[in-house]
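Observations on the three-dimensional arrangement
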Amino acid sequence: GAGVSQSPSNKVTEKGKDVELRCDPISGHTALYWYRQSLGQGLEFLIYFQGNSAPDKSGLPSDRFSAERTGGSVSTLTIQRTQQEDSAVYLCASSLGGQGAGNTIYFGEGSWLTVV
Amino acid sequence: DQQVKQNSPSLSVQEGRISILNCDYTNSMFDYFLWYKKYPAEGPTFLISISSIKDKNEDGRFTVFLNKSAKHLSLHIVPSQPGDSAVYFCAARPGGGSNYKLTFGKGTLLTVNP
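This report concerns the structure included in the present document. (Residues numbered from 1 in each chain as written. Chains lettered and ligands numbered in written order. Predicted model: local features only at pLDDT ≥ 70, side-chain atom pairs only at ≥ 80, totals over all residues. Heavy atoms only, no water.)

**Some points on the overall build of chain A**
Our working definition: Under the scheme used here, helices are H or I runs from DSSP no shorter than 4 residues and strands are E runs no shorter than 2 residues, and both carry numbers assigned from the N terminus. Radius of gyration here is computed from C-alpha atoms only, and the compact-globule reference equals 2.2 Å multiplied by the residue count raised to the power 0.38. For the exposure calls, accessible area comes from a 1.4 Å probe over protein chains only, and a residue counts as buried if that area is under 20% of its type's maximum, exposed if over 50%, partly exposed in between. Whether two residues touch is decided by their heavy atoms; if any such pair falls within 4.5 Å, the residues are in contact.
Scanning chain A from N- to C-terminus turns up 0 helices and 11 strands. Counting helices and strands in the order they occur from the N terminus, chain A gives β-β-β-β-β-β-β-β-β-β-β. Taken against the 2.2 N^0.38 rule, which gives 13 Å for 116 residues, the C-alpha radius of gyration of chain A at 13 Å falls within 12% of a compact globule. Dimensions of chain A, computed from C-alpha atoms along their principal axes, come out at roughly 40 × 25 × 25 Å. For chain A, the residues scored as buried account for 47% of the 116 residues in total. In chain A, of all internal contacts separated by at least 6 residues, the share reaching a separation of at least 24 is 55%.

Okay, here's the thing in structure tokens:
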């Protein structure tokens with residue numbers, strides 16, 4: 001596609017339920033990233049994919065968070081047993097390659113998650 | 001511990017004047033710096049970047065200055081336009097094997113008044 005596409009754009013869920021957030025990166029981009037922005041905070045790194053593997057999962061806040069990427073394209077971020085502190089904008093991004101100073105990272109519009 | 005700091009949450013300037021957005025960092029491993037612009041309900045978009053081997057990079061109305069010894073960078077917008085009103089995020093990445101990972105500041109909301 002023309003840009004990074006994320007769905008849903010908005011999600012309201014009850015505490016304790018599981019949610020799945022989807023990301024469709026720019027075609028041909030091998031690197032994919034998930035970031036999170038909580039209210040009043042900067043963007044927080046969650047996980048980095050190169051192809052289908054995730055060499056860096058260090059930003060995932062707890063074991064309730066997981067992500068996968070299939071076919072070197074679409075990625076899903078899953079949050080199990082959601083808590084109110086999970087409420088945030090979840091931003092997906094992609095780049096042509098993962099490393100190198102010249103690789104511009106392009107962001108999607110984000111999935112706004114509200115846990116009530 | 002915040003490694004990238006934007007100490008001004010907001011800035012207001014008149015159309016046609018200069019906007020200066022500031023950013024400080026603490027991690028000496030950072031060697032590439034970027035500015036992103038974000039409108040409400042949209043994702044951040046890349047604006048301009050600078051490598052640590054340079055002290056200035058210019059692109060049209062936007063110039064980024066880097067002072068490595070002070071661990072400080074700034075974004076200058078001249079002349080400022082109402083369409084520049086947005087949140088501006090400073091970001092940094094290290095060299096080496098982790099150079100995919102961006103660390104962001106909390107952002108500065110710029111308002112350009114007509």
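**So, the sheet that holds strand β7 (residues 65–69) of chain A**
The strands making up a sheet associate through hydrogen bonds between their backbones, and the pairing can be parallel or antiparallel. Residue and element names in this part refer to chain A. The test is simple: A strand pair is defined by DSSP finding two or more bridges across the two strands. Working convention: axes come from line fits to C-alpha atoms, limited for helices to the stretch in contact. Angles between N-to-C directions cover 0 to 180 degrees.
With antiparallel pairing, 4 strands are arranged side by side in an open sheet as β1-β3-β8-β7. Among the strands making up the open sheet, the edge pair consists of β1 (5–7) and β7. Strand-to-strand twist of the sheet, defined as the mean angle between neighbouring strand axes without regard to direction, takes the value 15°. For β1 and strand β3 (residues 19–24), the ladder comprises 3 bridges, and the chain directions are antiparallel. Counterpart to Gln6 in the pairing with β3 is Cys23.

**Quick look at unusual backbone geometry**
The linkage connecting A:Ser7 with the following residue, A:Pro8, adopts the cis geometry, with an omega of -10°. Tracing the backbone shows A:Pro8 in the loop between β1 and β2 (10–13). The residue after B:Val78, namely B:Pro79, is reached through a cis peptide bond having omega -10°. Inspection of the secondary structure assignment puts B:Pro79 in the loop between β8 (72–77) and β9 (86–94). Of note in the backbone geometry, B:Ala41 takes a positive phi value of approximately 65° without being a glycine. Structurally, B:Ala41 can be placed in the loop between β4 (30–38) and β5 (45–51). The residue B:Lys71 is not glycine, and still its phi comes out positive at about 50°. Secondary-structure assignment places B:Lys71 in the loop between β7 (62–67) and β8. By relative accessible area, which is 27% here, B:Lys71 ends up partly exposed.

**Structural notes on the state of the cysteines**
Applicable threshold: Here, two cysteine sulfur atoms that lie within 2.5 Å of each other are counted as a disulfide.
One pass over the full model with this rule turns up 2 disulfides over all chains. Between the sulfur atoms of A:Cys23 and its disulfide mate A:Cys92 the distance is 1.9 Å. Sign of the S-S torsion, about -70° for the bond between A:Cys23 and A:Cys92, identifies this disulfide as left-handed. Taken as a pair, A:Cys23 in strand β3 and A:Cys92 in strand β9 (residues 88–95) lie far apart in primary sequence, 69 residues in all. On the basis of relative accessibility, which here comes to 0%, the residue A:Cys23 falls in the buried class. The disulfide partner of B:Cys23 is B:Cys90, and the S-S distance across this bridge is 2.0 Å.

**Brief notes about the nonpolar core**
Residues and elements named next belong to chain B. Defined as follows: Residues enter a nonpolar core if they are buried and are Ala, Val, Leu, Ile, Met, Phe, Trp, Tyr or Cys, with the set joined through side-chain atoms within 4.5 Å.
Ranked by internal contacts, the top residues of the largest apolar core, which has 23 residues, are Phe33, Trp35, Leu73, Leu75 and Tyr88. If you list the elements that add at least two residues to this core, you get β3 (19–25), β4, β5, β7, β8, β9 and β11 (108–113). If one sorts the elements of this core by residue count, β9 sits on top with 4 residues.

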